[in-house]
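Structural description and commentary
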Amino acid sequence: MNPRRWLAAGAVLLVVGVLAPVPPVATPARAEDTGGSAVTVPGSKVEGGEDFTGLKVTVTQTKALVNQAVVVTWTGGTPTPRNRPLGVDFLQVMQCYGDPHAVSDPDGLAFRETCQYGAKVDTPGMPADVNAAAAANANSRELRFDAPDYPAKDPKETLPQDAQMVPFRPVSCPVGATSCERPRTPDGSAANPFPVITDPQTGAQREAYADEVLSGYFNKSVTNEYPYALTAADGSGRISFEVQNSSLAPDLGCGDPYADAKGVVQPSRPCWLVIVPRGHHHPYTHEDLSTTHAPQGSPLIVPNWQYRMVVPLEFEPVAGYCPSDRAERITAGTELAAEAAVAWRPAICAAAGGSSISYSPIGDDEAARQLLSASPNAPGLIYSSDPVLTTASDPPVVHAPVTLSGLVIALNIDVNLDDKPLPPEVAELRGTALTDLKLTPRLVAKLLTQSYQRDVPGGGGPALAKNYDSIKQDPEFLGLNPLFADWDRRASVTLNGLMAPNGSSVAARALWQWVLADQSAKEWLSGTPDGQMVINPAYKDLFTGDAPDYFPKADRSCYAETVQGEIYQLCSQELRPYTGGFGRGAAQTLRGDTGAYGQALNQTVTPPRFEKLPREQPGFRFTMSVTDSASAARYGLFTAQLCRAVQGADEKYTSADCRGASSDTIIAAARTAEPSPVAGVSVIDPAKAWSTAGAYPLSLLTYAVADRTEPAAVRRDYAGLLRYAADKGQRPGQALGMLPDGYVPLPQELRQRTEAAAALLEVDLPAPAASSAAPSGGSGPPAAVPPAPTPAAPLPGVVPSAGAPPSPGGRAPSPQPSVNQAGNATPGSPVGALRYVLVVLFVIGLVGGVAGPVLRRIGSRNVPTGGAE
């Protein structure tokens, strides 16, 4: 242990009818490997029924899965009509456990009971057409039909004739179990009826509905089912599907240890992605219903279920990645390194003599404080996008570049257009995911300062009376994104705020530096109106100095209603709450869950209350968040392009010089990096990157910073981590041990710096003289030790642009606490919290007054990432 830390002491606390003709049954399609982890599965056909043989569905990742999104694409589908209610020609996607190929279950009717589906997710809106109908019960497990030409029971159905739904069987209650703590749900038959409950609205006794029966296992707020995946005019489609391991879907048990058919305990239960294509023929009479009605029923009924397409999913073990007898090495730091840090840990552990590397996501400043603290449980290596400045009384440290990524604005927006005649090329976009969005520094500033009326309780009063209700009405936004001119004009079909995390970070400072480097945004923040738009007065004094290193919620206003003399309030941070971190924000964006409360007071309950807004369902989503590129990639999210706006003589806006976060633009930004005050450490200035052609301005280079006074064995393990990060850790790939999507491999020069830092870390410092104080010399080593790497020069290949204005200031001190970030910035972030449980411990007392959490080992289980607690 670091000798400086023996003096510190502190206790820690663990925070912790009549039968109709029955069509022949299709053989369930099995997957064919397309190389790597991606799998493609073909569709099938039934004589006289649907013909899906032209359909091919690809799942981009099927192995090494954690709580994340997998991208599902398809070709050869029949286009989903956009001129009638949604009822024909779409896909339904769900996650299941069980055995889809069991000999004893040839029709998969037992397998379907293991699928998380039927929470009654809302149907996407389509233009009204009195001559056509929606697909009744397509979003449920119910067995009923709303038409007379359907049988009372399918002859292949194994459930009782009076059963009301396909029951759900949790993984903890296998077939044959005589007693289960969480039993198979009732099917609603006379022999297995639904329970009688008290109606929450009327108080009367009644039989529970099917979705209420399921709510003890999953509901609309937590399910990952995707009941309506629409096909474009060219027969293709794309969705991001959230796969869930046992921490988010415990009744599926994916990733948990299990006993196989031979009784051998395996480390990770496999699961399945099931795609059920829906066509336009009556499932029994085969009548073409494409222009009038719609095929009815759940995807789980026999004639629909027979077309299922099954893709295997292999999850990383939830129980842990490293044996408990391995030496533990504590690391912590910025979420920008989180996905990579966690992906590398199993490979490092698996190496001969490999150690167990724990990781906790905390802010850059807090990480630096903990690294330099005397706490015996402080991390010996941190990740930071800022150099760690030291004094003579601090331990010497070494910096090593490890990741290159970017801050992004992620989006999950379903195209919702006006119910009016539109050009075919526009109309065919209804219900699809918006892939391209352009934003300017000024538009981002408006969103983050709660300057649209919709982002303030009660609309903001007289100060914002002339401001637009939301961004979709802003002329600058409409000029850059002309599709929104045809958007659904209802006020509710819009963005409920740009989500951002709490706490200070270098990434937040970089965003504000980019905003303030734009003259029009800077002038608007200083009080110059943009047409009728003015800054929310609560923010007017926050941008006069250095760029803030956090996302302020300066508006403290509240909306109030009085009922029977009692005042009920909804305040700003309930209307527009923070996310728990970049990873959690990305997860919430995928789920369409802002965590916000609506401004309608529910007076039907006692006492009255403002209700949390439900998740926006597929087809209705309009969510955006500030996150990092690796988290956005993990959840399959599109990201906005950052643009400059040009206003013409007609006062209309167009976009210019748009840049997205890509390998090329991030590398271009890295080549603009300049030396910092710390030898060997270069940093990217957002303003300089913004002024450099082709450079993404929110690119960030993250360093591992290690304490050179740690014991030799500890330093050796940290040096091994650095060598892995510089070598195998820079190979892009989906498997653990590789560089996750969303990162750019480090240029060779930066890898060489990391190798040099690893070598320096293993060099022993000379023992201090008996009378001397702690080692001095800041971040440089004593003279007897080989010198640190020379000051960093700009990367070769791009000549730094001349005359680039520096970013406004270094940082503005946060008026809020500088993030107790192990517990505050990311409760449920992608690592420790999304991949493995973050066990948060805090110091009750530390000698020397060192504040902040003491980091302990990260556990093995994943925790919910927002909207699923």
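Residues numbered from 1 in each chain as written. Predicted model: local features only at pLDDT ≥ 70, side-chain atom pairs only at ≥ 80, totals over all residues. Heavy atoms only, no water.

**Quick notes on the overall build of the chain**
When you go through the chain residue by residue, the secondary structure sums to 17 helices and 33 strands. Relative to its full complement of 869 residues, the chain shows a buried share of 57%. In the structure as shown, the chain presents an accessible area of about 32,700 Å², 55% of it carried by carbon and sulfur atoms. (Helix = DSSP H or I, 4+ residues; strand = E, 2+ residues; numbered from the N terminus. Buried < 20%, exposed > 50% of the residue type's maximum accessible area, 1.4 Å probe, protein only. Areas by Shrake-Rupley, 256 points an atom, 1.4 Å probe, with all protein chains shown as cover.)

**Things to note about the pairing of strand 25 (residues 609-612)**
One ladder, built from 3 bridges, connects strand 24 (residues 597-602) with strand 25; its direction is antiparallel. Bridge assignment links Tyr597 to a residue of strand 25, and that residue is Lys612. Connecting the antiparallel pair strand 24 and strand 25 is a turn made up of 6 residues. (Pairing = 2+ DSSP bridges.)

**Here's the deal with the state of the cysteines**
A covalent bond between the sulfur atoms of two cysteines is referred to as a disulfide. Inspection of every chain in the model, using the stated rule, returns 6 disulfides. With its sulfur 2.0 Å from that of its partner, Cys322 forms a disulfide with Cys349. The sign of the S-S torsion, about 90 degrees, decides the handedness of the disulfide formed by Cys322 and Cys349: right-handed. One end of the pair, Cys322, is in the loop between strand 15 (309-313) and strand 16 (328-333); the other, Cys349, is in helix 3 (residues 338-350), with 27 residues separating them in the sequence. Cys322 gets classed as buried once you look at its relative accessible area, which sits at 11%. Going through the chain in sequence order and numbering each bonded cysteine, the pairs you get are 1-2, 3-4, 5-6, 7-8, 9-10, 11-12. (Disulfide = S-S within 2.5 Å.)

**Quick word on the nonpolar core**
Counting 94 residues, the largest nonpolar core has Leu439, Leu511 and Met624 as its most contacted members. Top contributing element to this core by residue count: helix 8 (residues 506-516), with 9 residues. Those residues within four positions of Leu439 in sequence are excluded, and the remaining contacts are Ile409, Val444, Ile471, Phe477, Leu480, Met624, Ala640, Gln641, Leu642 and Cys643. Membership of the second largest hydrophobic core comes to 41 residues, among which are Ala119, Met165, Tyr217 and Ile239. (Core = buried A, V, L, I, M, F, W, Y, C linked by side-chain atoms within 4.5 Å. Contact = heavy atoms within 4.5 Å.)

**Digging into the packing of helix 6 (residues 441-448) against helix 8**
Taken N-terminus to C-terminus, the directions of helix 6 and helix 8 make an angle of 125 degrees; their axes are 9 Å apart at the nearest point. Considering their axes alone, helix 6 and helix 8 lie oblique with respect to each other. Crossing hand, helix 6 versus helix 8: left-handed. Residue-level inspection shows Pro441, Val444, Ala445 and Leu448 of helix 6 in contact with helix 8, the latter providing Leu511, Trp512, Trp514 and Val515. (Axes fitted to C-alpha atoms, helices over the stretch in contact; angles between N-to-C directions. Parallel < 35°, antiparallel > 145°, perpendicular 65-115°, else oblique. Left-handed = near helix turned anticlockwise from the far one by under 90°.)

**Focus: the sheet that holds strand 28 (residues 641-647)**
One open sheet holds the 3 strands; their spatial order is 20-28-29, and the pairing between them is mixed. The open sheet has two edge strands, strand 20 (438-439) and strand 29 (653-659), and neither has a second partner. Looking at chain direction, strand 20 and strand 28 are connected through 2 bridges and run parallel. Looking at the pairing, Lys438 lines up with Gln641 of strand 28.

**Remarks on unusual backbone geometry**
The residue after Thr606, namely Pro607, is reached through a cis peptide bond having omega -5 degrees. Residue Glu651 is not a glycine yet carries a positive backbone phi of 70 degrees. Within the element layout of this structure, Glu651 appears in the loop between strand 28 and strand 29.

**Regarding the pattern of salt bridges**
Here the structure, examined in full by the defined rule, presents 32 salt bridges. For Arg112, the salt bridge is made with Glu157, and the minimal N-O distance between the two is 2.4 Å. A residue pair is termed long-range when its members are at least 10 positions apart, and Arg112 in the loop between strand 6 (90-96) and strand 7 (115-116) and Glu157 in the loop between strand 7 and strand 8 (196-198) qualify at 45 residues. Side by side, Arg112 and Glu157 carry an identical accessibility label, which is buried. Members of the salt-bridge network, linked through shared partners, are Arg442, Lys446, Asp474, Glu476 and Asp530. (Salt bridge = Lys/Arg side-chain N within 4 Å of Asp/Glu carboxyl O.)

**A word on the packing of aromatic side chains**
Tallied over the entire structure, the rule returns 13 aromatic pairs. Measuring from ring centre to ring centre gives 4.7 Å for Trp512 and Phe543, while their planes differ by 45 degrees; the resulting arrangement is tilted. Of this pair, Trp512 sits in helix 8 while Phe543 sits in the loop between helix 9 (519-525) and strand 22 (558-563), placing them 31 residues apart in sequence. For the pair formed by Trp512 and Phe543, the shared burial category is buried. Grouping aromatic residues by their ring pairs yields a cluster made of Phe477, Phe484, Trp487 and Phe622. Its end group placed over the ring of Trp690, Arg644 keeps NZ or CZ at 4.2 Å from the ring centre. (Phe/Tyr/Trp six-rings, centres within 6.5 Å; stacked < 30°, edge-to-face > 60°. Lys NZ or Arg CZ within 6 Å of the ring centre and 35° of its normal.)

**Focus: helix 4 (residues 364-372)**
By the criterion of burial, helix 4 is predominantly enclosed, with 7 of the 9 residues buried. Turning to helix 4, its buried residues are Asp364, Glu366, Ala367, Ala368, Gln370, Leu371 and Leu372. Buried residues belonging to helix 4 abut strand 16, strand 18 (381-384), strand 19 (397-413), helix 8 and strand 32 (699-707).

**Regarding the environment of Asp325**
Tracing the backbone through its elements, the reader meets Asp325 in the loop between strand 15 and strand 16. C-alpha separation for the pair Asp325 and Ser355, spaced 30 residues apart in sequence, amounts to 9.2 Å.

**With respect to the confidence of the model for the chain**
Low pLDDT marks regions whose predicted coordinates should not be analysed in detail. Looking at the chain, pLDDT values average 84 and 83% of them are 70 or higher. Low pLDDT, under 50, characterises residues 771-869; the stretch is placed with 317 contacts to residues that sit more than four places away or in other chains. (pLDDT = per-residue confidence, 0-100.)

**Things to note about helix 16 (residues 748-761)**
The end-to-end C-alpha distance of helix 16, which contains 14 residues, comes to 20 Å, matching closely the 20 Å that a straight helix rising 1.5 Å per residue would cover. Burial in helix 16 covers these residues: Leu750, Arg751, Arg753, Thr754, Ala757, Ala758, Leu760 and Leu761. Each element contacted by the buried residues of helix 16 is listed here: strand 19, strand 31 (682-683), strand 32 and helix 15 (712-726). (Expected span 1.5 Å × (residues − 1).)

**Notes on the pairing of strand 10 (residues 226-230)**
Across the 5 residues of strand 10, 5 count as buried, placing the element largely inside the fold. As defined by bridge partners, strand 6 adjoins strand 10 across 3 bridges and the pair is classed as antiparallel. Bridge pairing links Phe90 to Leu230 in strand 10.

**Some points on the environment of Gly333**
With respect to the helices and strands, Gly333 occurs in strand 16. Separated by 26 residues in the primary sequence, Gly333 and Tyr359 place their C-alpha atoms 7.9 Å from one another. In this structure, Gly333 is in contact with Tyr359, Ser360, Pro361, Ile362, Ala367 and Tyr383, ignoring residues within four places of it in sequence.

**A short note on the side chain of Arg708**
Secondary-structure assignment places Arg708 in the loop between strand 32 and helix 15. One buried charge, Arg708, has no salt-bridge partner; the nearest side chain with opposite charge is Asp764, at 7.8 Å. Engagement of the side chain of Arg708 in a polar contact is seen with the backbone oxygen of Val763, the distance being 3.4 Å. (Lys, Arg positive; Asp, Glu negative; His and termini not counted. Polar contact = N/O pair within 3.5 Å; in protein donor to acceptor, adjacent residues only side chain to side chain.)

**Some thoughts on the packing of helix 15 against helix 16**
Two quantities define a packed helix pair, namely the angle between the helix axes and the distance between the axes. Two elements in contact, helix 15 and helix 16, have axes separated by 9 Å at closest approach and are oriented at 170 degrees. Relative to helix 16, helix 15 is oriented roughly antiparallel. Touching Arg715, Tyr718, Ala719, Leu722, Arg723 and Ala726 of helix 15 are Arg751, Thr754, Glu755, Ala757, Ala758, Ala759 and Leu761, all from helix 16. Per-class residue counts for the contact of helix 15 with helix 16 are 8 nonpolar, 1 polar and 4 charged. (Nonpolar A, V, L, I, M, F, W, Y, C, P; charged D, E, K, R; others polar.)

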